Amino acid sequence: MSQAYLDAQMRSQDDREAYWLDAAQAIEWQVPPVRAWSEGEGWFAGGLMNTCHNAVDRHVAAGRGDDLALIYESPVTDTHLTFSFAELQDAVARTAGMIADQGVGKGDRVILYMPMVPQAVIAMLACARIGAIHSVVFGGFAAPELAKRIDDATPTLLMTASCGIEGSKVIPYKPLVDKALQMAIHRIERVILLQRPQAIAPMQEGRDLDWADTLAEAQPVDCVPVEATHPLYILYTSGTTGTPKGVVRQNGGHAVAIAWSMAHIYGIRPGEVFWAASDVGWVVGHSYIAYGPLLAGATTLLFEGKPVGTPDAGTFWRTIVRNNVRIFFTAPTAIRAVRKEDPEGDYIRQIGTGNLRALFLAGERADPDTIHWAEAQLNLPVIDHWWQTELGWPALATCFGLGDTRRKAGSAGFPVPGYGFRVVDDGGVDVAPGETGNVVMTLPLPPGCYAGLWNNEAGFAKAFAGFPGHYETGDAGHVDADGFVNIMGRTDDIINVAGHRLSTGQMEQIVACHPLVSECAVIGVDDALKGMVPMAFVVARTGEWDAAALGAEIIKAVRDELGPVAALKDVHIVGALPKTRSGKILRAALRQVAAGETIAMPATIESPAALEAIMEIFAKVE
Ligand code: COA
Ligand code: AMP
């Protein structure tokens, strides 16, 4: 354990105020905060700042205008583009002018439904510049999901592109956006559309504006100082119901925490290149593509491609070497995809990893086998670290930037300074080392963590109600004898499919709406590539139906309602669902059977025959 980690850990606990006020000095404030945490007000209340100024303008003002701010690598369009800080400032200031021209002001919401193009990051920064609140919606979500977010965020403006490019597929976005706007109750007067040459989309007269034409007319605007507690963004994430939760992130705490993490977790210095191979639609994309590297005065890399097939399993290493990437961050599933195509690491040996210092993994549990493979191939530290959309930045990690090197495959590391961890039983009592329990955190959560759920006070309160005085993460884990924390899975119905967070409860709601479905259960089952995939068990209504056709209709319904990213491919039509005597579906037993485990008949089961029939299905599959 490094002394720097120990010191940071102790100071952040024993002298929280001084610790975070010191950390806040990494940020330029129009009015510096005099308090770090104020109960009832939040982090750095009283401070005035602007996130875009800190990410872009301040570096230009410091004479670093010619330094590299953003690299756009797009193997799918064969494009390599770079922006210096001065070029980024110009693009962001003009885009902010274009957004303001549409009547968007401080506190107004702007939905971004964008592929991985520079304009996505530029639009996020442009919103921050004028104090508007962006809400990025991941492109893999279908129209009804976009409509739900429109109705919840009630935006003034929607910005989108004509298409996304997923591997070799061009995915038209505009029909989906048009459909979502029709479905939504909230009316949006303006849509700004980025036409991409791969799919030119028709414009709706009077509503849609062409991005390039409108930008050409716009004047640059300056940063608007906002209160530290003013929302920077809303990011919707899966909760346990069909309604997504709009996580609200505030400007001041976010900037301080993210800048801290760049230096102390990732060990990135100004001028270095940091690459998070995620998507701007997820929290990783917010924290470590759009904001983190730029807040740290480093260079961010925006990658429009897949780990494999764009063009091959060497694309990660080629991008790293070509752009002098120092720290690389991706999801374990991406490494598993690379391994599948290049098991012997031939590409890695041919291409090398240049000046890369470490690979960070998050988004789902990194299985030890994947870690061992990656470490053996890369000959570099491979660091699993854990966090969630709600938190906004890592809560468990090996703080590489603080000189910590301790790692154990299967563990996500140690509490990051600022976070107070406990693993407790259902009664809130600490469990013994090695015993699995609920992962909870003491309050207040450190700067940068969510400050509320948009329009959903009750939902926010729920996360703090289960274990009074604590935030309930929804994850289960244990601490081993050496203090390593292992996160083993969720305690609710959230699953991670290829690093994408989804709710099986939400899928169940969609499946249950099919007119031929009497009842259903959707569970997550282990998958060698995606970590987990959903599987549906369906009891059909009495009458005429064809199993194959019904399965296909259910898969289509989930795709159409939730989106392709749900990846539901497996539907089993069964005679009955195994239930307890009180009528609860035995999901744990279903999961075990689907995983090929031999299980004892649960003592509480009402209908053993239902479970036996499902066991038989899987015995046959094997
Ligand atoms: N826009 C539109 N559609 C999208 C999309 C987007 N932004 N992202 C994914 N999709 C679609 C895909 O095209 C695919 O559709 P299909 O069923 O028609 O083929 C479906 O959603 C599932 O996509 P994905 O989960 O990406 O699976 P895949 O089989 O195409 O690729 C991996 C598998 C492992 C290569 C890929 O999931 C991957 O790169 N994962 C890393 C994820 C990641 O970085 N997560 C962020 C957390 S850090
Ligand atoms: P998201 O909000 O999309 O970032 O998903 C957060 C959830 O993903 C967490 O609550 C965990 O269940 C899971 N997760 C993320 N990172 C890890 C990790 N390193 N190890 C285990 N689970 C993880």
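Analysis parameters
- Residues numbered from 1 in each chain as written.
- Chains lettered and ligands numbered in written order.
- Predicted model: local features only at pLDDT ≥ 70, side-chain atom pairs only at ≥ 80, totals over all residues.
- Heavy atoms only, no water.
- UniProt positions renumbered as here; feature names shortened; annotations may be inferred.
- Near = heavy atom within 4 Å.
- Polar contact = N/O pair within 3.5 Å; in protein donor to acceptor, adjacent residues only side chain to side chain.
- Areas by Shrake-Rupley, 256 points an atom, 1.4 Å probe, with all protein chains shown as cover.
- Nonpolar A, V, L, I, M, F, W, Y, C, P; charged D, E, K, R; others polar.
- Domains from an automatic or database assignment.
- Contact = heavy atoms within 4.5 Å.
- Buried area = accessible area lost by both parts, 1.4 Å probe.
- Salt bridge = Lys/Arg side-chain N within 4 Å of Asp/Glu carboxyl O.
- Helix = DSSP H or I, 4+ residues; strand = E, 2+ residues; numbered from the N terminus.
- Patch = residues over 30% accessible without salt bridge, like charges linked within 9 Å, V, L, I, M, F, W, Y side chains within 5 Å.
- Buried < 20%, exposed > 50% of the residue type's maximum accessible area, 1.4 Å probe, protein only.
- Pairing = 2+ DSSP bridges.
- Axes fitted to C-alpha atoms, helices over the stretch in contact; angles between N-to-C directions.
- Parallel < 35°, antiparallel > 145°, perpendicular 65-115°, else oblique.
- Left-handed = near helix turned anticlockwise from the far one by under 90°.
- Core = buried A, V, L, I, M, F, W, Y, C linked by side-chain atoms within 4.5 Å.
- pLDDT = per-residue confidence, 0-100.
- Phe/Tyr/Trp six-rings, centres within 6.5 Å; stacked < 30°, edge-to-face > 60°.
- Lys NZ or Arg CZ within 6 Å of the ring centre and 35° of its normal.

An unreviewed UniProt entry lists the protein under the name Propionyl-CoA synthetase, with Sphingobium xenophagum given as the organism. Heading Sequence similarities (unreviewed entry) of the UniProt record for the protein holds this comment: "Belongs to the ATP-dependent AMP-binding enzyme family."

Visitor: Which parts of the structure should I look at to understand the site of ligand 2?
Guide: The environment of ligand 2 is formed by 15 residues, the closest being Asp384, His385, Thr389, Arg490 and Arg501. Backbone polar atom of Glu364 to a nitrogen atom of ligand 2: 3.5 Å apart, as the coordinates give it. Contacts to ligand 2 include Thr389, whose side-chain N or O atom sits 2.5 Å from an oxygen atom. Protein contacts shield 93% of the accessible area of ligand 2, which totals 490 Å² for the unbound molecule. Class assignment of the residues belonging to the shell around ligand 2 gives a composition of four nonpolar, five polar and six charged.

Visitor: I'm lost on the domain arrangement of the protein in this one. Help?
Guide: The accessible area lost on association of the parts is a frequent measure of interface size. Domain boundaries in the protein define domain 1 (3–305 + 385–477) and domain 2 (502–621). Of note, the centres of domain 1 and domain 2, computed from C-alpha atoms alone, are 35 Å apart. Facing the 12 residues of domain 1 at the interface are 11 residues of domain 2. Here domain 1 meets domain 2 over a buried area of about 850 Å², counting both sides, of which 52% is carbon and sulfur. When the buried surface of domain 1 facing domain 2 is broken down by residue, Gly140, Ser238 and Gly242 rank first, second and third, together holding 35% of it. At the boundary of domain 1 and domain 2, one finds zero salt bridges. Broken down by class, the residue content of the side of domain 1 that touches domain 2 amounts to four nonpolar, six polar and two charged.

Visitor: Before we go on, may I ask you to explain the UniProt feature "domain: AMP-binding enzyme C-terminal" (unreviewed entry) in the protein in this structure?
Guide: With numbering matched to this structure, UniProt assigns "domain: AMP-binding enzyme C-terminal" (unreviewed entry) to residues 507–584. What you have in residues 507–584 is 27% helix and 33% strand, and the ends, taken at the C-alpha atoms, are 18 Å apart.

Visitor: Explain a nonpolar patch on the surface here, please?
Guide: There is a patch of nonpolar side chains on the surface, built from Met1, Leu6 and Met10 and spanning about 290 Å² of accessible area. If you trace the backbone, Met1 turns up in the segment before α1 (3–14). Of the residues examined, Met1 reaches a relative accessible area of 56% and is grouped as exposed.

Visitor: Help me understand the pairing of strand β5 (residues 79–84), please; the structure alone is not making it clear to me.
Guide: Side-chain positions along a regular strand alternate between the two faces of the sheet. Of the pairings in the sheet, the one linking strand β4 (residues 68–74) to β5 comprises six bridges and is antiparallel in character. Paired with Glu73 across the bridge in β5 is His80. Linking β4 back to β5 in an antiparallel pair, the connection comprises four residues, with Asp78 at a positive phi of about 55 degrees.

Visitor: Help me understand the site of ligand 1 in this model?
Guide: Around ligand 1 sit 24 residues in total, of which Lys169, Lys306, Pro307, Lys530 and Arg559 are the nearest. At 3.3 Å, a side-chain N or O of Tyr173 approaches a nitrogen atom of ligand 1. Here an oxygen atom of ligand 1 sits 3.1 Å away from a polar atom, N or O, in the side chain of Lys530. Starting from 950 Å² of accessible surface for ligand 1 in isolation, the protein chains cover 84%. For the shell around ligand 1, the class distribution of residues is 11 nonpolar, six polar and seven charged. Composition of the shell around ligand 1 by domain shows at least three residues from each of domain 1 (3–305 + 385–477) and domain 2 (502–621).

Visitor: Please clarify how the packing of α1 against helix α2 (residues 16–23) should be interpreted in this entry.
Guide: In helix packing, the relevant descriptors are the interaxial angle and the interaxial distance, both defined with respect to the helix axes. It is the contact of α1 with α2, at a shortest axis distance of 5 Å, that shows an interaxial angle of 115 degrees. Contact with α1, carried on its side by Ala8, Arg11, Ser12, Gln13 and Asp14, involves Arg16, Ala18, Tyr19 and Asp22 of α2 and no other residues of that element. When its residues are assigned to classes, the contact of α1 with α2 shows three nonpolar, two polar and four charged.

Visitor: Quick question: what am I supposed to make of the packing of helix α3 (residues 51–64) against helix α5 (residues 118–129) here?
Guide: Running from N to C, α3 and α5 point in directions that differ by 120 degrees, and their axes come no closer than 7 Å. Comparing their axes, α5 and α3 come out oblique. In this structure, α3 meets α5 at a crossing whose hand is left-handed. Taking contact as the criterion, the partners of Thr51, Cys52, Ala55, Val56 and Asp57 in α3 are, on α5, Leu125, Ala128 and Arg129. Of the residues that constitute the contact of α3 with α5, the class distribution is five nonpolar, one polar and two charged.

Visitor: Help me out: how do you make sense of the nonpolar core in this one?
Guide: Taken as a class, soluble globular proteins show a tendency for nonpolar side chains to be buried jointly. Core analysis: the biggest nonpolar cluster contains 115 residues, and Trp20, Leu125, Met159, Tyr266, Tyr288, Phe329 and Trp393 have the highest contact counts within it. Of the residues forming this core, the biggest block, nine residues, is contributed by α5.

Visitor: Just checking my understanding: could you explain the sheet that holds β4 for this structure?
Guide: By way of backbone hydrogen bonds, the strands of a sheet pair with one another, either parallel or antiparallel. Taking strand neighbours across the sheet as the criterion, the seven strands line up as β5-β4-β17-β16-β18-β19-β20 in an open arrangement whose pairing is mixed. In this open sheet, the two edge strands, each paired with only one partner strand, are β5 and β20 (382–384). Averaged over all pairs of adjacent strands, the angle between their axes in this sheet comes to 20 degrees, without regard to strand direction. Along the sheet, helix α10 (residues 283–295) contacts β4, β16 (273–276), β17 (299–303) and β18 (325–330); its crossing angle with β17, the most-contacted strand, is approximately 145 degrees.

Visitor: What exactly am I supposed to notice about the confidence of the model for the protein here?
Guide: Residue-level pLDDT values for the protein average 96, and 100% of them are 70 or greater. Ranking the helices and strands of the protein by mean pLDDT puts α5 first, with 99, and helix α19 (residues 608–621) last, with 86.

Visitor: Honestly, the environment of Arg129 in this entry has me stumped. Any pointers?
Guide: Among the structural elements, Arg129 can be located in helix α5. Once the C-alpha coordinates of Arg129 and Ile327 are considered, the two residues, 198 residues apart in sequence, prove to be 27 Å apart. Polar contacts involving the side chain of Arg129 include one to the main-chain carbonyl oxygen of Val221, which spans 2.6 Å.

Visitor: Quick question: what am I supposed to make of the UniProt feature "domain: Acetyl-coenzyme A synthetase N-terminal" (unreviewed entry) in the protein here?
Guide: UniProt tags residues 7–55 as "domain: Acetyl-coenzyme A synthetase N-terminal" (unreviewed entry). Helix makes up 43% of residues 7–55 and strand 12%. Its end C-alpha atoms lie 28 Å apart.

Visitor: Please clarify how the packing of aromatic side chains should be interpreted in this entry.
Guide: This model, assessed by the stated rule, comprises 37 aromatic pairs. Here the aromatic residues Tyr19, Trp20, Trp29, Trp37, Trp43, Phe44, Trp260, Trp393 and Tyr419 are joined through ring pairs into a cluster of three or more. Stacked on the ring of Phe141, the Lys or Arg Arg149 has its end atom at 4.5 Å from the ring centre. The positively charged end of Arg406 is found above the aromatic ring belonging to Phe414, 3.6 Å away from the centroid.

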